[in-house]
Amino acid sequence: QKTLAPGASVSLFVRPERIAFAEAEGPGPPASALNRAAGRIRRMSFLGNILRYVVDVSGAEITVDVQNAGSRRLAEGDAVALAWAVADSLALEG
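Predicted model, so just to flag it, every value in this text is computed and none were measured.

A. Up close: the packing of aromatic side chains. For the structure on display, the rule yields one aromatic pair. Residues Phe 21 and Tyr 53 carry aromatic rings whose centres are separated by 5.2 Å and whose planes lie at 90 degrees to one another, so their mutual orientation is edge-to-face. Taken together, the residues Phe 21 in strand β2 (residues 20–21) and Tyr 53 in strand β4 (residues 50–57) connect sequence positions 32 residues apart. Assessed through its relative accessible area of 22%, Phe 21 is described here as partly exposed. Given the relative accessible area of 2%, Tyr 53 is considered buried.

Listed below in structure tokens is the structure:
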């Protein structure tokens, strides 16, 4: 495992199904075990048992796949918070 230099430019990779819409507060892993980002829903696609959201986070598109459990669907323009486990992140230099 290579250590990245402080200030290095990196690309971050996370599988879409590992990202969740975060609750403001609630049970779960401690905040230090999670990466977080805030953004807005750009679009949503219905893929049968999966809802695929594209979230704009500071100009970057983040894809989030969630199970279609019949719960409330988020709409284009909704502000959201994303969270994923640090261990699910892959950072590559460049």
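Having seen the structure, we can now continue with the description.
B. The confidence of the model for the chain, seen in detail. Scored by pLDDT, the chain comes out at a mean of 87, with 88% of its residues at no less than 70. Taking the mean pLDDT of every element in the chain, the minimum, 88, falls on strand β7 (residues 90–93) and the maximum, 96, on β4.

C. Representation of the nonpolar core within the structure. With 14 residues, the main nonpolar core has Tyr 53, Val 55, Val 64 and Leu 82 as its most contacted residues. For this core, the element with the highest residue contribution is β4, accounting for four residues. Ignoring anything within four residues of it in the chain, the contact list for Val 64 reads Pro 16, Ile 19, Phe 21, Leu 51, Arg 52, Tyr 53, Val 55 and Leu 82.

D. Broad picture of the pattern of salt bridges. All chains considered together, the criterion is met by six salt bridges. Salt-bridge contacts for Arg 43 lead to Glu 61; the nearest nitrogen and oxygen are separated by 3.8 Å. Here Arg 43 is found in strand β3 (residues 34–47), whereas its partner Glu 61 is found in strand β5 (residues 60–67), with 18 residues between them in sequence. Accessibility expressed as a relative area gives 41% for Glu 61, which makes it partly exposed. One salt bridge connects Asp 65 with Arg 52, and the closest N-O pair in it is separated by 2.7 Å. With Asp 65 in strand β5 and Arg 52 in strand β4, this residue pair connects regions lying 13 residues apart in the sequence. A cluster of three or more residues bridged by salt bridges with shared partners is formed by Arg 42, Arg 43, Asp 56 and Glu 61.

E. Representation of the pairing of β4. The buried fraction of β4 amounts to six of the eight residues, a majority that puts the element mostly inside the structure. In terms of strand pairing, β3 meets β4 through seven bridges, oriented antiparallel. Bridge pairing links Arg 40 to Asp 56 in β4. Joining the antiparallel neighbours β3 and β4 is a turn of two residues, in which Gly 48 adopts a positive phi near 80 degrees. One ladder, built from eight bridges, connects β4 with β5; its direction is antiparallel. Paired with Asp 56 across the bridge in β5 is Glu 61. Counting the residues in the hairpin turn of β4 and β5 gives two residues, including Ser 58, whose phi is positive at 50 degrees.

Rules of the game
- Residues numbered from 1 in each chain as written.
- Predicted model: local features only at pLDDT ≥ 70, side-chain atom pairs only at ≥ 80, totals over all residues.
- Heavy atoms only, no water.
- Phe/Tyr/Trp six-rings, centres within 6.5 Å; stacked < 30°, edge-to-face > 60°.
- Helix = DSSP H or I, 4+ residues; strand = E, 2+ residues; numbered from the N terminus.
- Buried < 20%, exposed > 50% of the residue type's maximum accessible area, 1.4 Å probe, protein only.
- pLDDT = per-residue confidence, 0-100.
- Core = buried A, V, L, I, M, F, W, Y, C linked by side-chain atoms within 4.5 Å.
- Contact = heavy atoms within 4.5 Å.
- Salt bridge = Lys/Arg side-chain N within 4 Å of Asp/Glu carboxyl O.
- Pairing = 2+ DSSP bridges.

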